[in-house]
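Residues per chain are reported as follows:
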Amino acid sequence: MGGPISSKYYLISKKDLQRLLDSLSKKMPLFAPVKHGKDFNFKRLESGDKLDIAGYTNTEYPPRGMFLPEGEAVLEYNKGKFSENFFKGKAAVFGIRPCDVHALLVLDRVMLGHDHFESHYKRRRENTLVFPLVCGTPGENCFCDSMLTRNLVESFDLLFTDIGHHYHVEPGSKAGLEIIAANKGLFQESVHKAAIVEVPCKKKLDTANLPGILAKARASGVWDEVAKQCVSCASCTFSCPTCYCFSLVHDSGIADPEHVKVIRELDYCMLLRYSRVAGGLVFREPRKERVQQFFYHKLAYGPENEGRFHCVGCGRCITECMAHIDITDVIGRIRDEHDKRK
Amino acid sequence: MSMINGNEESYRPALAAVTSVLQENARIRTLGITFRLDAERKSFSFNPGQFVMITLPGIGEAPFSMCSSPKEKGHFELSIRNLGNVTDGMFRLRKGDVVGVRGPYGHGYPVQEMKGRDIVLVAGGIGFPPLASVVEHVIANRADYGKVWVLYGVKDYDDVIYRQRMKRWSKAKDLEVRMALETPCSKWKGCVGVVTKLFNKLKIDAGNTVGLSCGPPIMLKFVTLGFEKLGIRDGDIFISLERLMQCGIGKCGHCNIGNKYVCTDGPVFRYTDIKNMAEEVW
Amino acid sequence: MVAVEKKSKPRVGFFGMTSCKGCYFQFLLLGKKLIDIFDSLEIEHFWMLKEDNELGEFDIAIMDGAVSNKDNAEFVRKVREKSRYLIAYGTCACFGGIPALRNDVSGFHEKVYGKPIKLKPLQNVDPLDMHVKVDYHMVGCPVNEQELLNVLRDLLLGKRPGEPDYPVCVDCKKAGIRCLFKDGIPCMGPVTIGGCGAPCPASRSPCDGCRGKLPDANWGSEYDLMLEHGLTKDHIIQKFAKYARIAKPGRVKGK
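Here is what the cut-offs are and how they apply
Residues numbered from 1 in each chain as written. Chains lettered and ligands numbered in written order. Predicted model: local features only at pLDDT ≥ 70, side-chain atom pairs only at ≥ 80, totals over all residues. Heavy atoms only, no water. Helix = DSSP H or I, 4+ residues; strand = E, 2+ residues; numbered from the N terminus. Rg over C-alpha atoms; globule rule 2.2 N^0.38 Å. Buried < 20%, exposed > 50% of the residue type's maximum accessible area, 1.4 Å probe, protein only. Contact = heavy atoms within 4.5 Å. Core = buried A, V, L, I, M, F, W, Y, C linked by side-chain atoms within 4.5 Å. Buried area = accessible area lost by both parts, 1.4 Å probe. Salt bridge = Lys/Arg side-chain N within 4 Å of Asp/Glu carboxyl O. Domains from an automatic or database assignment. Polar contact = N/O pair within 3.5 Å; in protein donor to acceptor, adjacent residues only side chain to side chain. Nonpolar A, V, L, I, M, F, W, Y, C, P; charged D, E, K, R; others polar.

## Points about the overall build of chain C
Here is step 1: In terms of regular secondary structure, chain C is built from ten helices and seven strands.
Here is step 2: Relative to its length of 255 residues, chain C is compact, with a C-alpha radius of gyration of 19 Å against a globular reference of 18 Å.
Here is step 3: The burial tally for chain C puts 54% of its 255 residues in the buried class.
Here is step 4: Sequence separation of 24 or more characterises 71% of the internal contacts of chain C that already satisfy a separation of 6 or more.

Rendered as structure tokens:
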């Protein structure tokens, strides 16, 4: 991670990129988009596994899993003692899109800011190399243009752009430069910055004054309409790269119930259980309030607390919602209502 | 205020032992808890209104506000009603049993800002513990504070807690304790009704008074209106809120109300900071 | 509430009413994990495993099957009296299940048997809830045996186990399964109680709702989605009635 660190650029052929990934995967767990059926998802690439990203726009599920893995045992209790278990060593992720790197920047503000930091996320984030891959043609539901998450000037180790036979490589950190130095034979120097045709996104979300508009829109009938469609399946919160809410669950086996692992599991504000306290009271019961919570957190509370929108325009919530709820459409309707009232 | 576990280990609790058990009534107990390690005993301190996360391994964790005087080093008291798995488990604890403790977390009542002023504390039911901690602190530093009224509302006679404490508090100078019972009972000769009924006989210097409250959401709403009617400024009203809490450090998301987190921005909130989202609060 | 004493092994009884006994078998499919169970618990009553079965006192009673006749009803009450904690085991015990489909057909016994029979059937096939207090509803047709392990472990720790109250969609996402709706296959996942690990969607077979209806379900929206994906109104009503026992779905006003 770091800022613009070098004025030099590099090129690497697609064959040599494979060699680079093979070499890296021998030293640390390396994750890359892997196709399974119709979808790509980040999976571990073992040495010798061929990188095949033909047809890759973005992964079905976010790369959150490398930084906030589902079901991580963060704490252990055995024979009267507690011990906190941390991720050891290093890891790397190749092919993550700029919008998803922006999502990591949002998570950084949440997990590493505000007086406390979350020690497990911190350990993984500090020890994972990030090799993003710039987008040419966006997916059907992308709107990164609107959320200003299309470009990256910082927070990567090596930034890759597909320019045909080669990838253009821009180093972004000391670690990135070290990798180039250690694999000199694979890289050629280049004086040009990467230049590709950026096809604009089809969907748009106007963010001007959005937190203020949302603050006044709590009673809008648009939320009732959305709540009528929503089945509270939590697919949106699951597929969102900036959703991070979690529960700490005590787990043990029946053979030794007092040897306990405390598991950090993702939780979803769309579900009733999310706000249920002992005794059964659910603080956020009506579906409309839970629907509002998702939109408001991404577009109002998020900017108020972390200084930037939590939504990065990846479009996954639109792709995953079986009830056809589209965030760009919902916000469009809220804005129309607001403009009519003026 | 200093924390037991630093930032490098977000979730590891310190070990502490139960040193006293007091049965307040059939459903509520007060446990005294002391840290095992000397270093932790010396470094733990809290403000009234803050909370700790108590771990019962295998069962889970839950937040509890301290109800004792902050001046006791390395030792604190919690009052528990058995309502769910963790509180059921805590009800089975005996002297010597060990629990995990994380914290203290959150913002407590602004005891520094309150110096030199009169205080009205309104507690509803199991909302009493954090306010009890404020009273203990005031009594230990009596000269620093003005007149104090402790108003306690409870549903049934059998739900009453802190009977011995309230007797002890009544002996302090310029400190009145008044109770309101919702359900009439032959054993109770005092005020019958909701706790706001006790406001009727209250004569205060509104400009120099702070209003503190803690209790069920609906009670908080009416008590806040009552404070406003008495002339207490919105900036001098402090409310302790409750939500589901898991991490205690503002990361897991569960305790959010609007753009605030009860565990880090609260649990004690200044009314002016939450007035604009009142509908989500109560 | 403490279900079990910590010192001695809890006494457990398995019982079955009107059912296919699939849930009964599911327990046996635990295989090697059964050793852990036998080490921690005393199985005092299990018709399929033991010859000598005495109806003594139980810490935990696990009752599979629905109540369809007077003998069932009496037996269930007897077991409840002798048990500290009762688990309704499987969708039949929790909701009536497949046997309860005969509630929708009048004159069922005459149609099948041609004349009245000795079984003393009740007017309706009932879930256990309608006859005795149930402490835990373990849904599923069949149950997820891992859930049974977790519930028994909770009881050993003195914990009240919590019933899953989220849709099957959560299980699918956790297992990394591609949503069937994306492939045009209508699925009962959003309206069905989760906690099964979504084995049916994992095999690209839509959820059939065997774990019963989720209280938070949006039936109206699910109905619309199924129509959109090509099911007829009758087919949707059949699906909703099978396990969820929803009589008249239609377009329900969303909450």
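## What to know about the nonpolar core
Across soluble globular proteins, nonpolar side chains have a tendency to be buried as a group.
Here is step 1: The biggest cluster of nonpolar side chains holds 93 residues, and the ones touching the most others in it are A:Ile12, A:Leu17, A:Leu20, A:Phe131, A:Phe160, B:Val122 and B:Leu151.
Here is step 2: A total of five residues in this core trace back to one element, the largest contributor, which is helix 2 (residues 98-112) of chain A.
Here is step 3: If sequence neighbours within four positions are ignored, B:Val122 has contacts with B:Leu131, B:Leu151, B:Val195, B:Phe199, B:Leu212, B:Ser213, B:Cys214, B:Met219, B:Val223 and B:Phe227.
Here is step 4: Ranked by size, the runner-up nonpolar core spans 46 residues in total, among them C:Met17, C:Val76, C:Leu214 and C:Phe240.

## Here's the deal with the interface of chain A and chain C
Here is step 1: In this complex, chain A contributes 36 residues to the contact, which on the side of chain C involves 35 residues.
Here is step 2: Both faces considered, chain A and chain C share a buried interface measuring about 3000 Å² in area, 53% of it formed by carbon and sulfur atoms.
Here is step 3: Between chain A and chain C we count nine salt bridges in total.
Here is step 4: The salt bridge involving C:Lys182 is made with A:Glu60; its shortest N-O contact spans 3.5 Å.

## Regarding the domain arrangement of chain B
Residue and element names in this part refer to chain B.
Here is step 1: Looking at chain B, the domain boundaries give domain 1 (4-105) and domain 2 (118-240).
Here is step 2: In this structure, domain 1 and domain 2 have C-alpha centres spaced 25 Å apart.
Here is step 3: Roughly 1200 Å² of surface becomes buried between domain 1 and domain 2 when both sides are summed, with 57% attributable to carbon and sulfur atoms.
Here is step 4: Among the residues domain 1 hides against domain 2, the three largest losses belong to Glu24, Pro48 and Cys67. Together they make up 35% of the total.
Here is step 5: Scanning the region where domain 1 abuts domain 2 turns up one salt bridge.
Here is step 6: Across the salt bridge formed by Glu77 and Arg165, the nearest N and O atoms sit 2.8 Å from each other.
Here is step 7: Linking domain 1 with domain 2 are eight residue pairs in polar contact (both at pLDDT 80 or more), by the criterion used here.
Here is step 8: Secondary-structure elements contributing two or more residues to the side of domain 1 that touches domain 2 are strand 1 (14-25), strand 2 (28-35) and strand 5 (75-81).
Here is step 9: Element by element, the count of residues in the side of domain 1 that touches domain 2 is highest for strand 5, at three residues.
Here is step 10: Classifying every residue of the side of domain 1 that touches domain 2 gives six nonpolar, seven polar and four charged.

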